[in-house]
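What follows is each chain in one-letter form.
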Amino acid sequence: MNQPQVVSPNSGRGPDDEPDSPTRRLRHAFLHHLFYTQGKFPALATKTDYYLALAHTVRDRLLQRWISTANEYTKNGSRTVAYLSAEFLMGPHLGNNLINLGLFDDARKSMSELGLNLDDLLYEEEEPGLGNGGLGRLAACFIDSLATLEIPAVGYGIRYEFGIFHQTLVDGWQVEKTDKWLRYGNPWELARPEWSVTVKLGGHTERMQDNSGQLHVRWVPNRTVLGVPYDTPILGYRNNTANTLRLWKAEAPEAFDFAVFNRGDYQGAVNQKVVSENLSKVLYPNDEHVEGKELRLAQQYFFVSCSLQDMLRIMKTQHVPLHEFHEKFAVQLNDTHPAIGVAELMRLLTDEHQMHWNQAWDITRKTFGYTNHTLLPEALERWPLELFKRVLPRHLEIIYEINARFLDEVRQRYFGDEARVTRMSLIEETGERYVRMAHLACVGSHAINGVAELHSELLKQDVLKDFHEMWPAKFGNKTNGVTPRRWIALANPRLTRLISGAIGEGWIKRLEELRQLEPFALDPNFRAGWREIKRANKRDLSDVIRKRCGVAVDPSSMFDVQVKRIHEYKRQHLSALHIIGLYHRLKTNPNLEMTPRTFIFGGKAAPGYWMAKLIIRLITSIGEVVNRDPAVRDKLRVVFLPNFSVTNGQRIYPAADLSEQISTAGKEASGTGNMKFAMNGALTIGTMDGANIEIREQVGAENFFLFGLTAHEVATVRGNGYRPQDYLDGNAELREVISLIRHGYFSRGDGELFRPLVDSLVNHDPYCLFADYQSYADAHERVGTAYRDSEDWTRMSILNSARSGLFSSDRTIAEYCRDIWNVQPVQVPILSHEDVRV
Ligand code: 8GP
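Nothing here was measured: the structure is a model prediction, and the numbers come from that model. (Residues numbered from 1 in each chain as written. Predicted model: local features only at pLDDT ≥ 70, side-chain atom pairs only at ≥ 80, totals over all residues. Heavy atoms only, no water.)

1. Describing the overall build of the chain
A count of helical and extended segments in the chain gives 33 helices and 25 strands. A compact globule built from 838 residues would reach a C-alpha radius of gyration of about 28 Å, and the chain, at 28 Å, matches this within 12%. Taken over the C-alpha atoms alone, the chain extends approximately 95 × 80 × 60 Å along its principal axes. Split into buried and exposed, the 838 residues of the chain put 61% on the buried side. A separation threshold of at least 6 residues defines the contact pool for the chain, and within that pool the share at least 24 residues apart is 76%. Looking at the chain as shown, the accessible area adds up to about 32500 Å², and 51% of this sits on carbon and sulfur atoms. Distance from the positive charge centre (99 side chains) to the negative charge centre (104 side chains) of the chain: 2 Å. (Helix = DSSP H or I, 4+ residues; strand = E, 2+ residues; numbered from the N terminus. Rg over C-alpha atoms; globule rule 2.2 N^0.38 Å. Buried < 20%, exposed > 50% of the residue type's maximum accessible area, 1.4 Å probe, protein only. Contact = heavy atoms within 4.5 Å. Areas by Shrake-Rupley, 256 points an atom, 1.4 Å probe, with all protein chains shown as cover. Lys, Arg positive; Asp, Glu negative; His and termini not counted. Charge placed at Lys NZ, Arg CZ, Asp CG, Glu CD.)

Printed below as a string of structure tokens:
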């Protein structure tokens, strides 16, 4: 560990000290924690110690808000949103909390008075990477907005011991390393073992009649685990609200099975502990692809059961009667991962609280809302029946009962249409039998939504067509958003200062106010300032690139960025083909006028997704050739920044000139990176897909580089028997590109390396890269020309930012509150410990 600058020994007082200034108090508290929490003094302290001392200092400042908030919600018995998500991709907490508390500048000052640099300490935080990508990051933005809008809310999820893997590159290939984010402890959480709950798994069910003849079902599990909640406060922006993110850790009910232990089987006794803890051990690293593993289903059930039991406990302490469950809680299912909650709530209400089925069903349906996040068939969760029964025997019975009643309804409505009944059933019965989780979520919810306009339409027309026909009123759209606190105020302090200097600070809470920037797009001074900020952000990113990739890039070149999970539908390889096309043009015409470009890629591939890993290898291989070639290196650089994460994203978005959003139309549900880029002044090159469509509508078609087939055209082209070879035959540049790869130009003569990728494109091209290639290349021509007029580019960049207000997650959350959850804000007065009587 590096030794940081030494803290000056008599640090109680700094230079221009007022006795009670915030900086002085921060400094005091910091030193207190360095001594009494970390047990260190400057000569021995590491950067991590300093980070932790500051984190504890900040946490103390959160606790009063947290307690005040809990107190207010308890007193009022407030209606509460429970956001159930298997993933929360929070990113580092320290900087965000400083921003939301309004202490960022004070913290910087007090650290620098001690000879420490705040940025260095911020980078010491290991981010909790408890998510894969878009879906998990959306959950994180949502709980930020819920707190900022003062909505009583709890985020419920899993406290994975190992989050998303750490990506390294070895010889240009992705290599995964485990993510040990808890290594140095987590100062942001508080364990609440007193609220632990027991979760059953496996076994069988038994039936018996009581004296009155009523039938009771008893679930006899073959094991139980303990769910222990760990709470993290989630601050609103500059208000008194601190909501809770409650993540469950799995533990053995008893550390030792004494019966086994007494037989002398120590290993067996410890084993039970190990098996139980496995439940929250590791996040499955698949994005939009299900793996059908038993442990994954057990994980899902584990956190959902813990969360629903926790809600029942809260109701009890607030004396809310059971039949008011749906009035106390609005429960949102973030995709189908928590959809088992529908059956679990039924089980809790009927089996454990003896409620009548019909009443329980009525409550259940009024409780849940379901958000779908993907149209990809391979991402739709279905569980083999046998596996499901092994883990959740009672839930399978409940699902059968729900299904029987539901299919009766379908038959009544659509007399004689048995094909429809088969399609809509919660159980897939053609071939191997499966439980269809999306159907369970639809049947058990009062509201169903997609995450961008096009996506919500496609759900209605395609994936959930039958359900839409049956219940059109349940369907709606909630276009995603992202939090401007993290993605502008924290990530881009330079831009934040410039914007606030021009229009005040209101935009951080009401992002629509960015519109007031529009007139500044014509002001040469403002434009110069804007450009200088982009340049400075690019310089910062260049430093990172030099350190992490060993490649020197020129901050005056255009930074063309594609960061997101690596997936064929997202088409990172379309960009790769185009880069090879540019390279070929430059090689054959060395005097070609071309806007110098730096292509920056980042993103993780699922460890078992071979093709995605090969795409990474292709990009790194192109980089190796291009960056070394003196004939083109002034015009073209290609870098793959390893380990794209929230932390890295915060440096990348602010430094981008061009945002690549190039998925095959109809495949990307929404995208949220596209919004982060636009807010930070990048222009988009993109298809008519997901929220790109709404972004283009907002920023204006003239400030957006559109290309490619529409979703409808893609469907038509494919329906007519798409033949990628025809496009290849008709496009000389594309032929050259493919031929260079085929002949091993980027693989030191190895013609085999990329063969699977090339063969897949030439023979199938499932995501229509060839069909879109020329249109993409043409759009890039327009980008290049536009970028050369730097005044006009800056104008467009400002307009992109100014018109991105719609994409604040505050707007999204306000819509959920109004249309789905029916919840109201609750203002929190600050409570001092002196006000409390025990
Ligand atoms: C993503 C969508 O792909 C993306 O378009 C959207 O912006 C984001 O969700 C938030 O709505 N979907 C997933 O991340 C996803 O399905 N992940 C799988 C791990 C479940």
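2. Thoughts on a nonpolar patch on the surface
A cluster of nonpolar side chains, namely Phe 35, Tyr 36, Phe 41 and Leu 44, defines an oily patch on the protein surface of about 480 Å² accessible area. Structurally, Tyr 36 is set in helix α1 (residues 22-36). Given a relative accessible area of 64%, Tyr 36 falls into the exposed group. (Patch = residues over 30% accessible without salt bridge, like charges linked within 9 Å, V, L, I, M, F, W, Y side chains within 5 Å. Salt bridge = Lys/Arg side-chain N within 4 Å of Asp/Glu carboxyl O.)

3. Side note on the sheet that holds strand β16 (residues 427-428)
Within the open sheet, the three strands sit side by side as β15-β17-β16. Their pairing is antiparallel. The open sheet has two edge strands, β15 (382-384) and β16, and neither has a second partner. Sheet topology note: the β15/strand β17 (residues 434-436) ladder contains three bridges and is antiparallel. If you follow Arg 382 over to β17, its bridge partner there is Arg 436. (Pairing = 2+ DSSP bridges.)

4. Remarks on the packing of aromatic side chains
Aromatic rings considered in pairs are described by the distance between their centres and by the relative angle of their planes. With the rule as written, the count across this model stands at 23 aromatic pairs. With a centroid separation of 4.9 Å and 45° between ring planes, the pair formed by Phe 520 and Phe 526 is classed as tilted. The class of Phe 520 is partly exposed, set by a relative accessible area of 23%. Residue classification places Phe 526 among the buried positions, given a relative accessible area of 7%. Geometrically, the ring pair formed by Phe 707 and Tyr 776 is tilted, given 4.9 Å between the ring centres and 50° between the ring planes. Placement of Phe 707 in the loop between β25 (705-706) and α27 (711-719) and of Tyr 776 in helix α31 (residues 769-788) is noted, with a sequence separation of 69 residues between them. Relative accessible area serves as the criterion here: at 2%, Phe 707 is assigned to the buried category. The exposure class assigned to Tyr 776 is buried, which follows from its relative accessible area of 0%. The ring of Tyr 434 carries the charged tip of Arg 382 above its face, separated from the ring centre by 3.8 Å. (Phe/Tyr/Trp six-rings, centres within 6.5 Å; stacked < 30°, edge-to-face > 60°. Lys NZ or Arg CZ within 6 Å of the ring centre and 35° of its normal.)

5. Focus: the site of the ligand
In the region of the ligand, 18 residues are neighbours, and Glu 288, His 373, Asn 480, Glu 668 and Gly 671 sit closest. In the environment of the ligand, an oxygen atom lies 3.1 Å from a nitrogen or oxygen atom belonging to the backbone of Leu 135. For the ligand, an oxygen atom lies 2.5 Å from a polar atom in the side chain of Glu 288. Protein contact buries 95% of the 460 Å² of open area that the ligand shows by itself. The class makeup of the residues in the shell around the ligand is five nonpolar, nine polar and four charged. There are two domains that each give the shell around the ligand at least three residues, and those are domain 2 (77-92 + 127-480 + 819-823) and domain 3 (498-807). (Near = heavy atom within 4 Å. Polar contact = N/O pair within 3.5 Å; in protein donor to acceptor, adjacent residues only side chain to side chain. Nonpolar A, V, L, I, M, F, W, Y, C, P; charged D, E, K, R; others polar. Domains from an automatic or database assignment.)

6. Observations regarding the layout of surface pockets
Of the pockets and cavities examined, the second largest pocket occupies roughly 920 Å³. For the lining of the second largest pocket, the elements supplying multiple residues, two or more each, are α3 (94-101), α4 (104-113), α5 (118-122), α19 (484-490), α20 (493-503), α21 (524-549) and α24 (646-652). For the lining of the second largest pocket, the leading source of residues is α20, giving five residues. Its residues assigned to classes, the lining of the second largest pocket comprises 13 nonpolar, nine polar and 11 charged. (1 Å grid on protein atoms, 1.4 Å probe; cavity = no way out; pocket = protein on both sides within 12 Å on 5 of 7 lines; lining within 4 Å. Points joined across faces, edges and corners; volume = space filled by probe spheres on them.)

7. Some details on the side chain of Gln 661
Of note, Gln 661 is situated in strand β23 (residues 658-661). Given a relative accessible area of 5%, Gln 661 falls into the buried group. Side chain to side chain, Gln 661 and Ser 659 meet in a polar contact 2.9 Å long. Discounting chain neighbours no more than four positions away, the residues touching Gln 661 are Lys 564, Gly 673, Asn 674, Phe 677, Thr 684, Ile 685, Gly 686, Thr 687 and Asn 692.

8. Focus on the environment of Thr 69
Note that Thr 69 resides in helix α2 (residues 47-76). Looking at Thr 69, the relative accessible area reads 1%, which means it is buried. Thr 69 has contacts with Asn 240, Thr 241, Ala 242, Asn 243 and Val 828, leaving out every residue within four places of it along the chain.

9. Overview of the environment of Gly 102
Mapping Gly 102 onto the fold places it in the loop between α3 and α4. The class of Gly 102 is partly exposed, set by a relative accessible area of 34%. For Gly 102 and Tyr 237, which are 135 residues apart along the polypeptide, the C-alpha to C-alpha distance reads 8.3 Å.

10. A few points about the domain arrangement of the chain
Bring the parts together and some accessible area is lost; that lost area is often taken as the interface size. Taken domain by domain, the chain comprises domain 1 (1-76 + 95-125), domain 2 (77-92 + 127-480 + 819-823) and domain 3 (498-807). Each partner contributes residues to the interface: domain 2 has 38 residues there, and domain 3 has 46 residues. Interface area for domain 2 against domain 3, summed over the two sides, is near 3200 Å², with a carbon-plus-sulfur share of 59%. Where domain 2 touches domain 3, the interface holds two salt bridges. Between the two partners, domain 2 and domain 3, sit 18 residue pairs in polar contact (both at pLDDT 80 or more). (Buried area = accessible area lost by both parts, 1.4 Å probe.)

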